[in-house]
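Next come the chains, spelled out residue by residue.
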Amino acid sequence: MSPAEVLDVLRARAVEVLEVAAEDVQPETSFVEDLQVDSLSLVEFTMDLEDEFGIELSEDELTDVHTIGGFADLISRRTS
Amino acid sequence: MTTTPRSVLVTGGNRGIGLATARALAEAGHRVAVTYRSQAPEGLLGVRCDVTSGEDVDRAFGEVEAEHGPVEVLVSNAGITDDQLLLRMTEESFSRVVDANLTAAFRVAKRASRSMLRARFGRLVFVSSVVALTGGAGQANYAASKAGLVGFSRSLARELGSRGITSNVVAPGFVDTDMTADLGDARKAELLKTIPLGRTATADEIAGVVAFLASDASSYVTGAVLPVDGGLGMGH
């Protein structure tokens with residue numbers, strides 16, 4: 001799946017799980033600074049995407065993920 | 001006591017406090033599953049599970065979910081003792097007891113919390129012991145593991161409270177079960193003198209308190225340690 005396709009899925013899941021507006025979910029959007037997502041919500045979002053894409057993401061992989069685009073890149077790499 | 005029927009899992013539910021709890025919760029109208037290692041109890045959904053194995057725990061939850069739906073109430077009760085004075089206690093014994101009583105609680109609570117988060121509802125109940133707070137000579141491993149449950153449960157109360165999940169500890173005192181049957185008569189008589197109610201508890205008396213924590217009536221109780229010990233642990 002291409003990063004753009006992953007981004008579309010991510011945006012749809014963010015709207016549902018994080019209860020944010022679709023237009024607020026852009027590649028450069030920061031989870032903490034822009035969306036004000038707390039740590040537990042981020043865990044829930046990650047779990048949701050793990051189920052969606054059938055992958056398991058380690059804490060090491062997630063350490064450097066701060067934005068929607070970063071998350072999309074990671075998932076895209078893991079599913080290619 | 002009004003009770004919304006829930007999918008309940010009781011670990012170590014084939015005897016003692018666990019079995020009494022499972023039966024009390026079934027009577028209250030819940031769909032109750034119990035984990036067991038050797039013999040499944042009659043009339044309840046039994047799932048074979050060694051709580052010291054993460055794979056076993058995952059499979060057991062899968063079986064319960066298939067039959068009863070995602071677990072909404074978890075009673076982490078499975079536990080072992082291996083009493084010995086400190087100077088005779090091996091590190092292996094200490095680790096084994098902590099693994100079965102504390103790390104196992106972590107395994108099942110972690111597995112259960114996933115679906116509880118989604119449902120925005122959950123009840124976690126950890127069966128500890130009065131010795132968690134008073135200590136017990138010859139029970140350093142057991143008391144440490146049971147005390148660990150308090151910090152563990154209270155951390156979960158903080159982490160998960162915003163999602164409608166409560167986490168509480170029940171601390172039974174001296175209960176008539178297979179696990180306490182090994183104590184000698186002299187030791188029993190000595191213990192009875194220290195209990196204000198002057199008697200031991202039946203497993204049903206513990207089960208009633210766990211059933212309360214699983215019921216709608218306890219919706220605002222979280223991070224609590226409920227002693228059910230006839231007054232044995234007062235002041236701790």
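Check the entry above for the structure.
Computed from a prediction, not measured in an experiment: that's the story for all the values here.

What counts and how
Every chain begins its residue count from 1, and numbering advances along the sequence as written. Working convention: letters from A go to chains and numbers from 1 go to ligands, in the order in which they are written. Totals for whole chains, interfaces and linings use all residues, but because this is a predicted model, local features are given only for residues with pLDDT of at least 70 and pairs of side-chain atoms are given and counted only at 80 or more. Side-chain metrics in this entry use all non-hydrogen atoms of the structure; hydrogen atoms and water are not considered. Under the scheme used here, helices are H or I runs from DSSP no shorter than 4 residues and strands are E runs no shorter than 2 residues, and both carry numbers assigned from the N terminus. With the radius of gyration taken over C-alpha atoms, the globule rule is written as 2.2 Å times the number of residues to the power 0.38. Burial classes follow relative accessibility: with a 1.4 Å probe on protein chains only, a residue under 20% of its type's maximum area counts as buried, one over 50% as exposed, and anything between as partly exposed. Should any heavy atoms of two residues lie within 4.5 Å, those residues are considered in contact. Values labelled buried area give the accessible surface lost by two parts on being combined, using a 1.4 Å probe and summing over both. Salt bridges, as used here, are contacts in which a Lys or Arg side-chain nitrogen is within 4 Å of a carboxyl oxygen on Asp or Glu. For every element, the axis is a line fit to its C-alpha atoms; helices are fit only across the contacting stretch, and the angle between N-to-C directions ranges from 0 to 180 degrees. For classification, angles of less than 35 degrees are called roughly parallel, those exceeding 145 degrees roughly antiparallel, those between 65 and 115 degrees roughly perpendicular, and all remaining angles oblique. Handedness of a helix crossing follows the sense of rotation of the near helix relative to the far helix, less than a right angle counterclockwise being left-handed and clockwise being right-handed. In this scheme Phe, Tyr and Trp rings, the latter by its six-membered ring, pair at centre separations within 6.5 Å, and the angle between planes marks the pair as stacked below 30 degrees, edge-to-face above 60, and tilted otherwise. Residue classes follow a fixed rule: Ala, Val, Leu, Ile, Met, Phe, Trp, Tyr, Cys and Pro count as nonpolar, while Asp, Glu, Lys and Arg count as charged, and any other residue, Gly among them, counts as polar. Two N or O atoms count as a polar contact when they lie within 3.5 Å, although within protein this holds only if one can serve as hydrogen donor and the other as acceptor, and sequence-adjacent residues are included solely when both atoms are side-chain atoms. Take the buried residues of types Ala, Val, Leu, Ile, Met, Phe, Trp, Tyr and Cys, join any two whose side-chain atoms come within 4.5 Å, and each joined set is a nonpolar core. The pairing criterion for strands is at least two bridges between them, as found by DSSP.

Points about the overall build of chain A
Argument step 1. Counting its secondary structure elements, chain A contains four helices and zero strands.
Argument step 2. Ordered by position from the N terminus, the helices and strands of chain A form the series α-α-α-α.
Argument step 3. Against the globule reference of 12 Å for 80 residues, chain A gives a C-alpha radius of gyration of 11 Å, in line with a compact fold.
Argument step 4. When its C-alpha atoms are laid out on the principal axes, chain A stretches across 30 × 25 × 20 Å.
Argument step 5. Of all 80 residues assigned to chain A, the portion counted as buried reaches 45%.

Observations regarding the interface of chain B and chain A
In many reports, interface size means the accessible area that the parts give up when they come together.
Argument step 1. Between chain B and chain A, the residue contacts involve eight residues of the former and eight residues of the latter.
Argument step 2. Note on chain B versus chain A: buried area summed over both sides is about 680 Å², and carbon and sulfur give 42% of it.
Argument step 3. Among the residues of chain B in contact with chain A, B:Arg114, B:Arg118 and B:Arg163 are the three that bury the most area, contributing 66% of the side total.
Argument step 4. There are five salt bridges connecting chain B and chain A.
Argument step 5. Residue A:Asp51 pairs with B:Arg118 through a salt bridge whose shortest N-O separation is 2.7 Å.

Observations concerning the packing of helix 1 (residues 3-18) of chain A against helix 4 (residues 68-79) of chain A
All names here are of chain A.
Argument step 1. Running from amino to carboxyl end, helix 1 crosses helix 4 at an angle of 120°, the nearest separation of the two axes being 9 Å. Between helix 1 and helix 4, the angle is such that the two are oblique. Judged by the sense of rotation from one axis to the other, the crossing of helix 1 with helix 4 is right-handed. Only Ile68, Phe71, Ala72, Asp73, Ile75 and Ser76 of helix 4 make contact with helix 1, whose side of the interface consists of Pro3, Val6, Leu7 and Leu10.

Overview of the packing of aromatic side chains
Residues and elements named next belong to chain A.
Argument step 1. According to the stated counting rule, one finds four aromatic pairs over all chains in the structure shown.
Argument step 2. When the centroid spacing of 5.9 Å and the interplanar angle of 75° are considered together, the rings of Phe31 and Phe71 count as edge-to-face. Separated by 40 residues along the polypeptide, Phe31 in the loop between helix 1 and helix 2 (39-53) and Phe71 in helix 4 bring together distant segments of the chain.
Argument step 3. On the basis of relative accessibility, which here comes to 1%, the residue Phe31 falls in the buried class.

Some thoughts on the packing of helix 2 of chain A against helix 3 (residues 91-119) of chain B
Argument step 1. Two elements in contact, helix 2 of chain A and helix 3 of chain B, have axes whose closest approach is 11 Å; the angle formed by their N-to-C orientations is 105°. Here helix 2 of chain A lies roughly perpendicular to helix 3 of chain B, going by the angle between them. For the pair helix 2 of chain A and helix 3 of chain B, contact is made by A:Leu40, A:Glu44, A:Met47, A:Asp48, A:Glu50 and A:Asp51 and by B:Arg114, B:Leu117 and B:Arg118, respectively.
Argument step 2. Within the contact of helix 2 of chain A with helix 3 of chain B, the residues separate by chemical class into three nonpolar, no polar and six charged.

Considering the side chain of A:Thr29
Argument step 1. Inspection of the secondary structure assignment puts A:Thr29 in the loop between helix 1 and helix 2.
Argument step 2. Reaching out from A:Thr29, the side chain makes a polar contact with the backbone nitrogen of A:Gln26 at a distance of 2.8 Å.

Comments concerning the nonpolar core
Argument step 1. B:Leu9, B:Phe61, B:Leu74, B:Leu124, B:Phe126, B:Leu156 and B:Leu160 are the most contacted members of the largest nonpolar core, which totals 30 residues.
Argument step 2. Those elements giving two or more residues to this core turn out to be helix 2 of chain A together with helix 2 (54-68), helix 3, strand 5 (122-127), helix 5 (140-160) and strand 6 (165-172) of chain B.
Argument step 3. With seven residues, the single largest contributor to this core is helix 3 of chain B.
Argument step 4. B:Leu160 has contacts with A:Leu40, B:Ser113, B:Leu117, B:Leu124 and B:Ile165, leaving out every residue within four places of it along the chain.
Argument step 5. Judged by nonpolar contacts, the second largest core, of 26 residues, contains B:Ala20, B:Val127, B:Val209 and B:Leu213.

Describing the sheet that holds strand 1 (residues 7-10) of chain B
All names here are of chain B.
Argument step 1. Strands sit in the order 3-2-1-4-5-6-7 across an open sheet of seven strands; the sheet is parallel. The two strands at the open ends of the sheet, each matched to only one other strand, are strand 3 (45-48) and strand 7 (225-228). Going from strand to strand, the sheet's axes swing by 20° on average, the running direction of each strand aside.
Argument step 2. Across six bridges, the pairing between strand 5 and strand 6 is parallel. Across the sheet, Phe126 pairs through a bridge with Val169, a residue of strand 6.
Argument step 3. Sheet contacts for helix 2: strand 1, strand 2 (31-36), strand 3 and strand 4 (73-76); angle to strand 3, the most-contacted strand, approximately 155°.
Argument step 4. Each of strand 4, strand 5 and strand 6 is contacted by helix 3, which is oriented at about 175° to strand 4, the strand it contacts most.

These figures come from the coordinates and say nothing about function on their own.
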